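Residue-level structural notes
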Amino acid sequence: MATITAQLPAAATAAPIASAPLSTDLEASLVALYGRVNPSVVHIFIYDNQQFVLGTGSGFVYDAAGHIVTNNHVVTGATGLEVVFADGQRRVAQVVGADVDSDLAVIKVESLPEGVQPIPLGDSSAVRVGQFAVAIGNPFGEAGSLSLGIVSGLGRSLTSDRIAEGGGRYSLPQVIQTDAAINPGNSGGPLLNIAGEVIGVNSAIRTSTGTNSGVGFSIPVNAVSRVAPALIADGVYHYPYIGVSMRELDLAQQQALGLPQLTGAYVIDVTAGGPADVAGLRAGGLSESAGPLPGGDLITAVNGQPVATPDDLIGYLVFEASVGQTITLTVIRDGQPIEVPLTLGERP
């Protein structure tokens with residue numbers, strides 16, 4: 001049976017919860033973590049216009065104003081939302097903003113139960129393979145479930161549900177892979193480090209059965225730190241945009257293209273009138289039979305930071321750049337490195 005990557009179907013400014021110091025007693029640390037964090041993890045019920053339950057998902061409290069972070073795919077198509085807290089209290093929620101490309105959404109309740117506090121956000125750039133990862137959510141509707149695993153991999157990517165203009169899809173880089181058990185209903189719940197800080201938002205699993213197979217994907221919390229404030233303020237998030245299609249090369253392609261190095265992002269298409277076109281980037285084109293064609297620029301750095309793959313450039317744009325900013329791309333053109341200034345547009 002073919003393996004597929006599937007989003008989990010819908011089946012998270014006051015002082016945040018204090019982070020706990022690391023303990024050598026893992027069991028005690030997990031018990032304490034759950035006691036602190038679970039009250040701030042919510043069970044989201046999605047209703048249609050006839051008040052039938054379409055599914056459920058998870059979320060976590062983002063701030064004291066009642067904003068809750070979850071997945072975009074959890075709330076898409078919902079006519080009504082109801083949030084259930086760990087103590088059984090219920091609140092009606094409204095969608096404040098959603099972003100399909102990061103699969104993040106923010107919903108809001110009018111008030112939080114007494115004592116419920118925001119969960120502190122960590123730094124996904126500091127996450128390392130092998131560290132413990134804790135998922136709390138509502139798999140198969142089983143409220144307040146905790147599972148433990150490790151960070152299995154970093155630098156993964158998730159493809160957006162949105163088809164871009166001209167075809168193709170955008171992707172979110174720096175996604176965290178974990179073997180902590182996540183299943184339908186965990187969508188939107190937090191992935192935590194052992195100190196109880198959010199390091200990701202559980203979004204998808206790779207499976208051939210529809211249930212957990214030990215490969216789960218979590219949106220990096222640094223995306224939450226950038227996207228959620230914009231969703232709260234404006235209802236949307238504006239991504240910076242270059243307007244190119246890029247490929248990672250293999251050794252045979254490097255040799256065929258006559259390039260002095262393998263690493264980088266090879267430009268195969270430039271969007272007419274886009275920022276890259278204005279800046280003068282060159283595309284080589286793509287043949288179904290021969291692969292990337294000669295003549296394109298190989299992007300090797302952005303603002304002095306090395307670009308080994310297209311995901312490195314996408315990651316810089318998503319996590320460090322802004323619309324209207326002028327960046328400097330280092331490219332190899334005709335065998336020689338040159339610098340190309342480029343003013344970023346807004347992703348269409």
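Bear in mind the structure is a predicted one, so any value in this text is a computation, not a measurement. (Residues numbered from 1 in each chain as written. Predicted model: local features only at pLDDT ≥ 70, side-chain atom pairs only at ≥ 80, totals over all residues. Heavy atoms only, no water.)

1. Examining the overall build of the chain
- When helices and strands are tallied, the chain shows six helices and 23 strands.
- For the chain, the exposed surface amounts to about 15000 Å²; the carbon and sulfur share of it is 51%. (Helix = DSSP H or I, 4+ residues; strand = E, 2+ residues; numbered from the N terminus. Areas by Shrake-Rupley, 256 points an atom, 1.4 Å probe, with all protein chains shown as cover.)

2. Quick look at the nonpolar core
- Within the largest apolar cluster, 54 residues are counted, with the highest numbers of intra-cluster contacts made by Val 69, Leu 281, Ile 299, Leu 313, Ile 327 and Leu 329.
- Sequence-distant contacts of Leu 329, defined by excluding residues within four places in its chain, comprise Leu 281, Ile 299, Ala 301, Val 302, Leu 313, Ile 338, Glu 339, Val 340 and Leu 342.
- Formed by 16 residues, the second largest nonpolar core is a distinct cluster that contains Val 42, Val 74, Ala 93 and Leu 112. (Core = buried A, V, L, I, M, F, W, Y, C linked by side-chain atoms within 4.5 Å. Buried < 20%, exposed > 50% of the residue type's maximum accessible area, 1.4 Å probe, protein only. Contact = heavy atoms within 4.5 Å.)

3. Overview of the packing of aromatic side chains
- Summed over all chains, the structure comprises one aromatic pair.
- Taking 4.7 Å as the distance between ring centres and 90° as the angle between the ring planes, the aromatic pair formed by Tyr 237 and Tyr 239 counts as edge-to-face. Across the pair, Tyr 239 and Tyr 237 agree in class, each one buried.
- Note that Arg 90 overlies the ring of Phe 45, its terminal NZ or CZ placed 5.4 Å from the centroid.
- Geometry around Tyr 170 places Arg 347 over its ring, the cationic atom sitting 4.1 Å from the centre. (Phe/Tyr/Trp six-rings, centres within 6.5 Å; stacked < 30°, edge-to-face > 60°. Lys NZ or Arg CZ within 6 Å of the ring centre and 35° of its normal.)

4. Focus: the sheet that holds strand S3 (residues 53-61)
- The six strands are arranged S2-S3-S4-S7-S6-S5 in a closed barrel whose pairing can be described as antiparallel. Sheet twist, expressed as the average angle between the axes of neighbouring strands with direction ignored, equals 40°.
- Across four bridges, the pairing between strand S5 (residues 80-84) and strand S6 (residues 90-99) is antiparallel. Paired with Leu 81 across the bridge in S6 is Ala 93.
- Taken strand by strand, helix H3 (residues 221-234) contacts strand S4 (67-70), S6 and strand S7 (104-109), and its axis lies near 50° from that of S7. (Pairing = 2+ DSSP bridges. Axes fitted to C-alpha atoms, helices over the stretch in contact; angles between N-to-C directions.)

5. Regarding the side chain of Asp 297
- On the secondary structure map, Asp 297 appears in the loop between strand S18 (291-292) and strand S19 (298-302).
- With a relative accessible area of 0%, Asp 297 lands in the buried category.
- There is a polar contact of 2.8 Å between the side chain of Asp 297 and the backbone nitrogen of Arg 282.
- At 2.8 Å, the side chain of Asp 297 and the side chain of Arg 333 are in polar contact.
- The residues contacting Asp 297, other than those within four sequence positions of it, are Ala 265, Tyr 266, Val 267, Gly 280, Leu 281, Arg 282, Val 331, Ile 332 and Arg 333. (Polar contact = N/O pair within 3.5 Å; in protein donor to acceptor, adjacent residues only side chain to side chain.)

6. As for the pairing of strand S21 (residues 326-333)
- Taking burial as the measure, the eight residues of S21 include six buried ones, the bulk of the element.
- Direction of pairing for S19 relative to S21: antiparallel, over a ladder of four bridges. Counted as the bridge partner of Ile 299 is Val 331 from S21.
- Summarising the sheet, S21 and strand S22 (residues 336-343) pair through eight bridges and their orientation is antiparallel. Its bridge partner lying in S22, Ile 327 is registered against Leu 342.
- Where S21 folds back on S22, the antiparallel hairpin that results is connected by two residues, among which Asp 334 adopts a positive phi of roughly 55°.

7. A word on the pairing of S19
- For S19, the buried fraction is high: five of the five residues fall into the buried class.
- Linking two consecutive strands that pair antiparallel, namely S19 and strand S20 (residues 305-306), is a turn of two residues; a positive phi of about 50° is found at Asn 303 within it.

8. Examining unusual backbone geometry
- Of note, the phi angle at Asp 103 is positive, near 55°, even though the residue is not glycine.
- Note that Asp 103 resides in the loop between S6 and S7.
- One non-glycine residue, Asn 303, lies in the positive phi region at around 50°.
- Here Asn 303 shows up in the loop between S19 and S20.
- The partly exposed category is assigned to Asn 303, whose relative accessible area is 33%.

9. What about the pattern of salt bridges?
- One pass over the structure, following the stated rule, counts five salt bridges.
- By sharing partners, the salt bridges in this structure join Asp 101, Arg 162 and Arg 347 into a single network. (Salt bridge = Lys/Arg side-chain N within 4 Å of Asp/Glu carboxyl O.)

10. Brief notes about the packing of H3 against helix H6 (residues 310-320)
- Axis separation between H3 and H6 bottoms out at 9 Å; the angle between their running directions is 45°. The angle between H3 and H6 falls in the class oblique. Along the contact surface, H3 presents Asn 222, Ala 223 and Arg 226, while H6 presents Val 318, Phe 319 and Glu 320.
- The residue inventory of the contact of H3 with H6, partitioned by class, reads three nonpolar, one polar and two charged. (Parallel < 35°, antiparallel > 145°, perpendicular 65-115°, else oblique. Nonpolar A, V, L, I, M, F, W, Y, C, P; charged D, E, K, R; others polar.)

11. Quick word on H3
- Spanning 14 residues, H3 covers 20 Å between terminal C-alpha atoms, matching the ideal 20 Å at 1.5 Å per step.
- A bend of about 30° at Val 227 is the largest found in H3, and the proline Pro 229 appears one to four places after it.
- With its phi angle positive at about 85°, Gly 235 sits one or two positions after the end of H3. (Expected span 1.5 Å × (residues − 1). Bend = angle between axes of the 7 residues up to and from the residue.)

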